Amino acid sequence: MQSESHSNTRVYLVSLLIIVWIGASLGGLWWFQQQATRPFADTTDHPDSRNGKVIKAAFEDFATRYPPTTAMGQQQTVTLYHLWNPDCLCNNVSQRHINRILSEIPEDKLRFIMLAPADTTDEVLNKAREATPRAEVIRLPADTIPLSASPGLAILGPDNHLAYYGAYGFGALCSLSDDKLFTNMISTLLSGESYGPFINIAGSGCFCAWPDPQRKPSELPGK
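Draft legend 1. Spatial organisation of the pairing of strand β3 (residues 110-116). With 7 of 7 residues buried, β3 is to be regarded as a mostly interior element. The two faces of β3 match: L110, F112, M114 and A116 on one face and R111, I113 and L115 on the other face are all buried. Note: strand β2 (residues 78-83) against β3, 6 bridges, orientation parallel. Looking at the pairing, Y81 lines up with I113 of β3. Regarding the hand of the β-α-β motif, the stretch spanning β2, helix α3 (residues 91-104) and β3 is right-handed. Of the strand pairs in this sheet, β3 and strand β4 (residues 136-139) are connected by 4 bridges, and their pairing is parallel.

Given below as structure tokens:
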């Protein structure tokens, strides 16, 4: 009987630990969603950040200001702008999408540029270059492109016309219904076919408000 009692006690304790673990996990997920989930383009963001025509013109103009400085400029290449705020805790959820794109599209076919906020320090930019040698890391001048949130991306075809702008995915983990969406899009552009522009900003997920140098940190949406 004593052995049976000890066995029942162990079962009870294990069950209690499982319940506590599940509760803690759900609580952590709830906290994460409360802290990080927001619309990609919030109504409190600059109105131009939700205007597809303005976004298209701004990215295409930016592309002419920062042409490739290597032989890549003489080849048929697609440009991917990765919207990167180093202070955003959501960067990890977009990394798997980036890794897939970079692993499937050769370097001579895809120009990968990380756009950082205007106030990003040189030290942070240099660390990003060391961590991702393939990337060009550029500090985005204030008021150049009316961005609303990160992480996100813009894809421009070889003709520098905008094909896609918006989120990597939506939901707390920024998931995609089609994991090959972006690689297929890039392959389509490389084949000479046109695409878009597809402005994909209507949804919520793990995003951080893009820093606005004209506003105090406490005034930024999602802070």
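Let's pick the thread back up.
Draft legend 2. Expanded view of the packing of aromatic side chains. With the rule as written, the count across this model stands at 10 aromatic pairs. With a centroid separation of 5.9 Å and an interplanar angle of 80°, the aromatic rings of Y168 and F182 are classed as edge-to-face. Of this pair, Y168 sits in the loop between β7 (162-166) and α5 (181-190) while F182 is found in helix α5, placing the two residues 14 residues apart along the sequence. Members of the aromatic cluster, joined through ring pairs, are F40, F59, F62, Y66, Y81, Y165, F170 and F207.

Draft legend 3. Molecular detail of the environment of S204. Within the secondary structure, S204 sits in strand β9 (residues 204-206). A relative accessible area of 36% places S204 in the partly exposed class. Taking the C-alpha atoms as reference points, S204 and D42, separated by 162 residues in sequence, lie 9.0 Å from one another. Once residues lying within four places of it in the same chain are set aside, the contact partners of S204 are T37, R38, P39, F170 and G171.

Draft legend 4. Representation of helix α2 (residues 52-65) within the structure. Taking 1.5 Å of rise per residue, the 14 residues of α2 would be expected to cover 20 Å, and the 20 Å separating its terminal C-alpha atoms lies within 8% of that figure. The complete set of buried residues in α2 reads I55, A58, F59, E60, F62 and A63. Residues of α2 that are buried sit in contact with β2, β3, β4, β6 (152-156) and β7. Between a side-chain oxygen at the N-terminus of α2 and the backbone nitrogen of K53 the separation is 3.1 Å; the capping residue is N51.

What counts as what
- Residues numbered from 1 in each chain as written.
- Predicted model: local features only at pLDDT ≥ 70, side-chain atom pairs only at ≥ 80, totals over all residues.
- Heavy atoms only, no water.
- Buried < 20%, exposed > 50% of the residue type's maximum accessible area, 1.4 Å probe, protein only.
- Helix = DSSP H or I, 4+ residues; strand = E, 2+ residues; numbered from the N terminus.
- Pairing = 2+ DSSP bridges.
- Right-handed = clockwise from strand over helix to strand, strands pointing away.
- Phe/Tyr/Trp six-rings, centres within 6.5 Å; stacked < 30°, edge-to-face > 60°.
- Contact = heavy atoms within 4.5 Å.
- Expected span 1.5 Å × (residues − 1).
- Polar contact = N/O pair within 3.5 Å; in protein donor to acceptor, adjacent residues only side chain to side chain.

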